[in-house]
Amino acid sequence: MVEILPSILAADFARLGEEITNVEKAGASILHVDVMDGQFVPNISIGIPVVESIRKITKLKLDVHLMIADADHYAPAFIQAGADQVLVHQEACPHLDRTLRNIKKEGALAGVVLNPGTPIATLSEVLDVVDHVLIMSVNPGFGGQQFIPNALRKIAALAKWRKELGLEFAIEVDGGVVLDNVADIVRAGCDWLVAGSSVFHTPDCAAAFRQMQHAGREARLVKV
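Residues numbered from 1 in each chain as written. Predicted model: local features only at pLDDT ≥ 70, side-chain atom pairs only at ≥ 80, totals over all residues. Heavy atoms only, no water.

## Quick notes on the overall build of the protein
Inference 1: Tallying secondary structure elements over the protein gives 8 helices and 8 strands in all.
Inference 2: For the protein, the C-alpha radius of gyration of 16 Å lies close to 17 Å, the compact-globule estimate for 224 residues.
Inference 3: Over its C-alpha atoms, taken along the principal directions, the protein stretches across nearly 45 × 45 × 30 Å.
Inference 4: Looking at the 224 residues of the protein, the share that counts as buried comes to 52%.
Inference 5: Looking at the protein alone, contacts between residues at least 24 apart form 65% of all its contacts between residues at least 6 apart. (Helix = DSSP H or I, 4+ residues; strand = E, 2+ residues; numbered from the N terminus. Rg over C-alpha atoms; globule rule 2.2 N^0.38 Å. Buried < 20%, exposed > 50% of the residue type's maximum accessible area, 1.4 Å probe, protein only. Contact = heavy atoms within 4.5 Å.)

See the structure below:
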């Protein structure tokens, strides 16, 4: 099932509860939460207290993307705060297998993220461990960037690899996802599409979400 994951990085934080409620009522099932530490990426976003607050107001699954240097230390705290799914960067985890397994031991789904310049081959030894793989289609750290087209090739290669290995991890993409490229991304093999500005920087975030969700699911039905 194709899912659009609204990213609260682009939401109006003065109205965050309202914004989350709007996309939840529109049919969202997963909310994407970007955590940045100003070290692994050149920006600082939200932390554990915000995740705790979000957990209190929504039943949506929380897809927490740790763009941080010390995921091993902080992942358990984010899970305790309410994260259902935790994503860590391959580039930030020297002991990636252990990190992923520890996340699962804490009771969350474990995902791994690849920056635009990182080959999917770096995941060859952990694909049987992960629950989802996120392909960054922008360089991480800031919202509102344009989609890097090479991400489509990486998604397609990863989808082919998944099929050949008989695995069932979800493929996720994050960065520059807009209505005009949703179909191409889905047809490449992507299951979950993170959308921030294209949902929350619109006059009606619920309508924007529904339109993107419809486009993604229609694309999955078309045989190419």
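## Thoughts on the sheet that holds strand E1 (residues 3-6)
Inference 1: The sheet built from 8 strands is open, its strands ordered E1-E8-E7-E6-E5-E4-E3-E2 with parallel pairing. The open sheet has two edge strands, E1 and strand E2 (30-36), and neither has a second partner. In this sheet, neighbouring strand axes are inclined to one another by 25 degrees on average, regardless of whether the strands run parallel or antiparallel.
Inference 2: As paired strands, E2 and strand E3 (residues 61-67) are joined by 7 bridges and run parallel to one another. Among the inter-strand pairings, Val33 is bridged to a residue of E3, identified as Val64. (Pairing = 2+ DSSP bridges. Axes fitted to C-alpha atoms, helices over the stretch in contact; angles between N-to-C directions.)

## Examining the environment of Ile135
Inference 1: Following the sequence through the fold, Ile135 ends up in strand E6 (residues 132-136).
Inference 2: Residues Ile135 and Ile171 lie 36 residues apart in sequence; the distance between their C-alpha atoms is 7.6 Å.
Inference 3: Beyond its immediate chain neighbours, meaning those up to four positions away, Ile135 contacts Leu114, Ile120, Ala151, Lys154, Ile155, Leu158, Glu172, Val173 and Asp174.

## With respect to helix H5 (residues 150-165)
Each α-helix turn comprises 3.6 residues. Residues three or four places apart therefore point the same way.
Inference 1: Over its 16 residues, H5 extends 23 Å from the first C-alpha to the last, a length consistent with the 22 Å expected when each residue adds 1.5 Å.
Inference 2: Where H5 is concerned, the buried positions are Ala151, Lys154, Ile155, Leu158, Ala159 and Arg162. Along the long axis of H5, the arc covered by the buried residues comes to 135 degrees, so they all point the same way. The outward face of H5, more than 90 degrees from its buried face, is lined by the exposed residues Arg153, Lys160, Lys163 and Glu164.
Inference 3: On its buried face, H5 is in contact with strand E5 (109-114), E6, strand E7 (170-174) and helix H6 (182-188).
Inference 4: Just downstream of H5 lies Gly166, where phi reads positive at about 70 degrees. (Expected span 1.5 Å × (residues − 1). Arc of directions from axis to C-beta.)

## A word on the pairing of E1
Inference 1: What you see with E1 is no split at all: Glu3 and Leu5 on one side and Ile4 and Pro6 on the other are buried throughout.
Inference 2: In terms of strand pairing, E1 meets strand E8 (residues 192-195) through 4 bridges, oriented parallel. Residue pairing for E8: Glu3 is matched across the bridge by Trp192.

## Observations regarding the pattern of salt bridges
Inference 1: This structure, assessed with the given rule, holds 9 salt bridges.
Inference 2: Across the pair Arg217 and Glu3 runs a salt bridge, and its minimum N-O distance is 3.2 Å. With a gap of 214 residues between them, Arg217 in helix H8 (residues 205-221) and Glu3 in strand E1 connect regions that are remote in the sequence.
Inference 3: Close ionic contact of Lys104 with Asp131 constitutes a salt bridge, the shortest N to O distance being 3.7 Å. One end of the pair, Lys104, is in helix H4 (residues 96-105); the other, Asp131, is in the loop between E5 and E6, and 27 residues separate them in sequence.
Inference 4: For Lys104, a relative accessible area of 35% puts it in the partly exposed group.
Inference 5: In this structure Asp131 comes out as partly exposed when scored by relative accessible area, which is 22%.
Inference 6: Salt bridges sharing common partners tie together Asp12, Arg15, Glu18 and Glu19. (Salt bridge = Lys/Arg side-chain N within 4 Å of Asp/Glu carboxyl O.)

## Brief notes about the packing of aromatic side chains
Inference 1: In this structure the tally under the stated criterion is 0 aromatic pairs.
Inference 2: The ring of Phe169 carries Arg162 above its face, with NZ or CZ at 5.8 Å from the centroid. (Phe/Tyr/Trp six-rings, centres within 6.5 Å; stacked < 30°, edge-to-face > 60°. Lys NZ or Arg CZ within 6 Å of the ring centre and 35° of its normal.)

## Looking at the packing of helix H1 (residues 16-25) against helix H2 (residues 48-57)
Inference 1: Between H1 and H2, the least distance of the axes is 11 Å, while the angle of their chain directions is 50 degrees. By the angle between their directions, the pair H1 and H2 is classed as oblique. Between H1 and H2 the crossing geometry is right-handed. Touching Leu16, Gly17, Ile20 and Glu24 of H1 are Val50, Ile54 and Ile57, all from H2.
Inference 2: Tallied by class, residues from the contact of H1 with H2 come to 5 nonpolar, 1 polar and 1 charged. (Parallel < 35°, antiparallel > 145°, perpendicular 65-115°, else oblique. Left-handed = near helix turned anticlockwise from the far one by under 90°. Nonpolar A, V, L, I, M, F, W, Y, C, P; charged D, E, K, R; others polar.)

Read these as spatial facts, not as claims about activity.
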